[in-house]
Amino acid sequence: MTRSQLLTRQKDYSRSAKEGEPLFFFEKDDDMKTKVIAVDEIKPDKLVMKEAADIIKSGNLVSFPTETVYGLGADGLNEKAVKKIFEAKGRPQDNPLILHVDSVEMAEQLVLEVPPAAKLCIDKFWPGPLTILFRRREIVPDIITAGLDTVAIRMPSHPVAISLIRHSGTPIAAPSANTSGKPSPTKAEHVFEDMNGKIPLILDGGETGVGLESTVLDLTGQVPMILRPGGITLEDIRSILPDAIVDPAVISGDEKLKPKSPGQKYRHYAPKATMILVQGRPEKVVEEIKRLAAIAEIDGQKVGIMSSSENVLKYLPKVVRDMGSVDDAKEIAHRLFDIIRELDRENTDLILCEAVDDSGLGMAIMNRLLKAAGGKLVRV
Ligand code: TXA
Ligand code: MG
């Protein structure tokens, strides 16, 4: 198929796209060379940041590190530029994007009001891994909000992200820089894996810190509601907004409930392998994982195991990855997506993963694991 035929097909498709379907099918552009430039994560080089900002200002995409995961950035006020994000990711068009700002003033330009609860959250958690929903102003393009009357905004704390926004002089729309459905990138290599040939520039600032995406908090309803658990925990939010809750559709596992955040209804973070979570008392969990692994191996399947540090040795000599100690949710969050990608690269057919305690940051970890596993959970 020639490029012009492809473009015609894309156009036709966009007119008939249904809910949950990508806006376009993207084919690799053989002429697009993806440049990767290393940047100091504390004090990024000004010239490099200017080059990156010029790409953003010219309506093109740049991937950059944040404290959570790598983002795929475009000028958030330029509809055409934002469209390219959907193309490069193969992202469903009804999934809205987060606008990243470098100051509260920039956020204020985008919203009708900053309610008192939001002021409290901003004071305590910005810059950082908290995304807040506001009532949007007209200036925010429809493609950002997927037609909703709210806009999601976050001020990242990563110096490279802040510098990119500052040099660009515009809010930057950025989803995680993975192909839709795959685990979010926590290293520039992950971005390259998914975006090579599709975007002009990746800023490599090393591994991201938190490793999971930001918490999405809706303050536009009756009660403060977490729509996506993330780097800031429910307990953190309750320390200033005691009546905060988590969207029941996100934690109940009841598929009939409709999540308030469009992104939560899709399968996400998914490895190519089948993934199963095993939950229960530690000895039982190890026993069950070994049993399931043995059955799969008889079937000729290659098995990968995601284990707590405490249990790693018990699974040897199988392919096993250490997620971190059960007492160190931060470490587990930090390593999670990298491990899932690694097990994919090892061509495993089945990934068996120990469930983690779902309090604190564990709630976000379990949310990602359950999505990665497509809800497959064995209790022992
Ligand atoms: O940590 C993060 O949040 C990363 C970095 C790059 O900042 N970004 C990120 O973006 O995870 P993305 O697009 O992968 O996830 C954004 C989530 C989606 O689940 C989306 O549905 C939700 O936020 N969202 C965005 N705008 C929304 C809105 N107006 N109402 C409800 N949910 C919204
Ligand atoms: Mg994402």
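First things first, this report covers the structure right here in the doc.

### Here's the deal with the side chain of S307
At step 1: Inspection of the secondary structure puts S307 in strand β13 (residues 303–307).
At step 2: Polar contacts involving the side chain of S307 include one to the main-chain amide nitrogen of V312, which spans 3.2 Å.
At step 3: If we ignore the near neighbours within four places in the chain, the residues touching S307 are V312, Y315, V320, R321, D322, M323, G324 and E354.

### Re the nonpolar core
At step 1: Counting 66 residues, the largest nonpolar core has W126, L130, I132, F134, I153, L203 and I237 as the members making the most contacts within it.
At step 2: Once residues lying within four places of it in the same chain are set aside, the contact partners of W126 are V101, A107, C121, I132, F134, I153, R154 and M155.
At step 3: Counting 25 residues, the second-largest nonpolar core is a separate cluster that includes Y269, M275, L336 and I340.

### Overview of helix α5 (residues 116–125)
At step 1: Within the span of α5, buried status applies to A118, C121, I122 and F125. Around the axis of α5, the buried residues are gathered within 100 degrees of arc, so they sit on the same side. For α5, exposure combined with an orientation more than 90 degrees from the buried face picks out P116 and D123.
At step 2: Along its buried surface, α5 packs onto α4 (104–108), β5 (130–135), β9 (215–218) and α9 (234–238).

### Considerations on the site of ligand 1
At step 1: Taken together, 25 residues form the shell around ligand 1, and within it T68, N95, H100, S214 and G263 come nearest.
At step 2: In this structure, T68 approaches ligand 1 through a side-chain N or O atom, which is 2.7 Å from an oxygen atom.
At step 3: H100 is positioned such that a nitrogen or oxygen atom in its side chain is 2.6 Å from an oxygen atom of ligand 1.
At step 4: For ligand 1, the accessible surface in isolation is 680 Å², of which the surrounding protein chains cover 97%.
At step 5: Of all the secondary structure elements, the ones that give two or more residues to the shell around ligand 1 are β4 (98–100), β6 (150–154) and β10 (225–228).
At step 6: Across the shell around ligand 1, the residue classes break down as twelve nonpolar, nine polar and four charged.

Cut-offs used in this document
Residues numbered from 1 in each chain as written. Chains lettered and ligands numbered in written order. Predicted model: local features only at pLDDT ≥ 70, side-chain atom pairs only at ≥ 80, totals over all residues. Heavy atoms only, no water. Helix = DSSP H or I, 4+ residues; strand = E, 2+ residues; numbered from the N terminus. Polar contact = N/O pair within 3.5 Å; in protein donor to acceptor, adjacent residues only side chain to side chain. Contact = heavy atoms within 4.5 Å. Core = buried A, V, L, I, M, F, W, Y, C linked by side-chain atoms within 4.5 Å. Buried < 20%, exposed > 50% of the residue type's maximum accessible area, 1.4 Å probe, protein only. Arc of directions from axis to C-beta. Near = heavy atom within 4 Å. Areas by Shrake-Rupley, 256 points an atom, 1.4 Å probe, with all protein chains shown as cover. Nonpolar A, V, L, I, M, F, W, Y, C, P; charged D, E, K, R; others polar.

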